[in-house]
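# Examining the three-dimensional arrangement
Chain by chain, the residues:
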Amino acid sequence: MTQAETGAGLGPEQKTGLSTELEEALEVKETHSGGVNKLFGGGEMGALIRRFDWSSTALGPIETWATSLQTAVNICLNSRFPMVIWWGQELVLLYNDAWQPILGTKHPQALGQP
């Protein structure tokens, strides 16, 4: 077997093809409540979404969100392109940092609204 096939002599980034930062972002991290926080990254909007009181919306607390919603939000938050998600029958709004200029003065009040 060659060095390339075994990964010998390669750094962690070269073995997986992912940057260390991305690998860390993909790890599942435990929250203080013992649950799993699966929303990572996302700059200002990522922080705002994690702090937002989702229990007051049709989506409910983040801990209860469907895996498909968590996945969609992670894709949205980690994109450099303007992205928005309208989720559920109520079309609850979630968006990333790049979408903020499109909302103009409606940001951040638009977050979580139908």
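Residues numbered from 1 in each chain as written. Predicted model: local features only at pLDDT ≥ 70, side-chain atom pairs only at ≥ 80, totals over all residues. Heavy atoms only, no water.

### Topic: the environment of Gln113
Using the following cut-off: Strands are runs of DSSP state E lasting at least 2 residues, helices are runs of H or I lasting at least 4, and numbering of each runs from the N terminus. A contact between two residues is defined here by any heavy atoms of the two lying within 4.5 Å.
As for its placement among the helices and strands, Gln113 is situated in the segment after helix H6 (100-103). A sequence separation of 23 residues divides Gln113 from Glu90, and the C-alpha atoms of the two residues are 8.6 Å apart. For Gln113, the contacting residues outside a window of four places in its chain are Leu91, Val92 and Leu93.

### Considering helix H5 (residues 67-77)
Quick reminder of the rule: Residue exposure (1.4 Å probe, protein chains only): buried if accessible area is under 20% of the type maximum, exposed if over 50%, otherwise partly exposed. By definition, the arc is the one covered by directions from the helix axis to the C-beta atoms.
Taken together, the buried positions of H5 are Leu69, Gln70, Val73, Asn74, Cys76 and Leu77. Each buried residue of H5 lies within a common arc of 160 degrees when the element is viewed along its axis, so the set occupies one face. Turned more than 90 degrees away from the buried face of H5, the exposed residues are Thr67 and Ile75. For H5, the elements touching its buried residues are helix H4 (43-51), strand S3 (84-87) and strand S4 (92-95).

### Section: the pairing of S3
Which entries qualify depends on this criterion: Here a strand pair is declared whenever DSSP counts at least two bridges between the two strands.
Pairing geometry for S3 and S4, over four bridges, is antiparallel. Counterpart to Val84 in the pairing with S4 is Tyr95. Count of turn residues in the S3/S4 antiparallel hairpin: four residues, of which Gly88 carries a positive phi of about 80 degrees.

### Brief notes about the packing of aromatic side chains
Rules: Two rings from Phe, Tyr or Trp (for Trp, the six-membered ring) form a pair when their centres sit within 6.5 Å of each other. Planes less than 30 degrees apart are called stacked, planes more than 60 degrees apart edge-to-face, and all others tilted.
All chains considered together, the criterion is met by three aromatic pairs. On the numbers, 5.2 Å between centres and 75 degrees between planes, the contact of Trp54 with Trp65 is edge-to-face. Linking Trp54 in the loop between H4 and H5 with Trp65 in the loop between H4 and H5, this pair joins segments that are 11 residues apart in sequence. The exposure class of Trp65 is buried, given its relative accessible area of 5%. Look at Trp86 and Trp99: their rings are 6.5 Å apart centre to centre, the planes differ by 90 degrees, and that puts the pair in the edge-to-face class. Within this pair, whereas Trp86 is found in strand S3, its partner Trp99 is found in the loop between S4 and H6, the two being separated by 13 residues in sequence.

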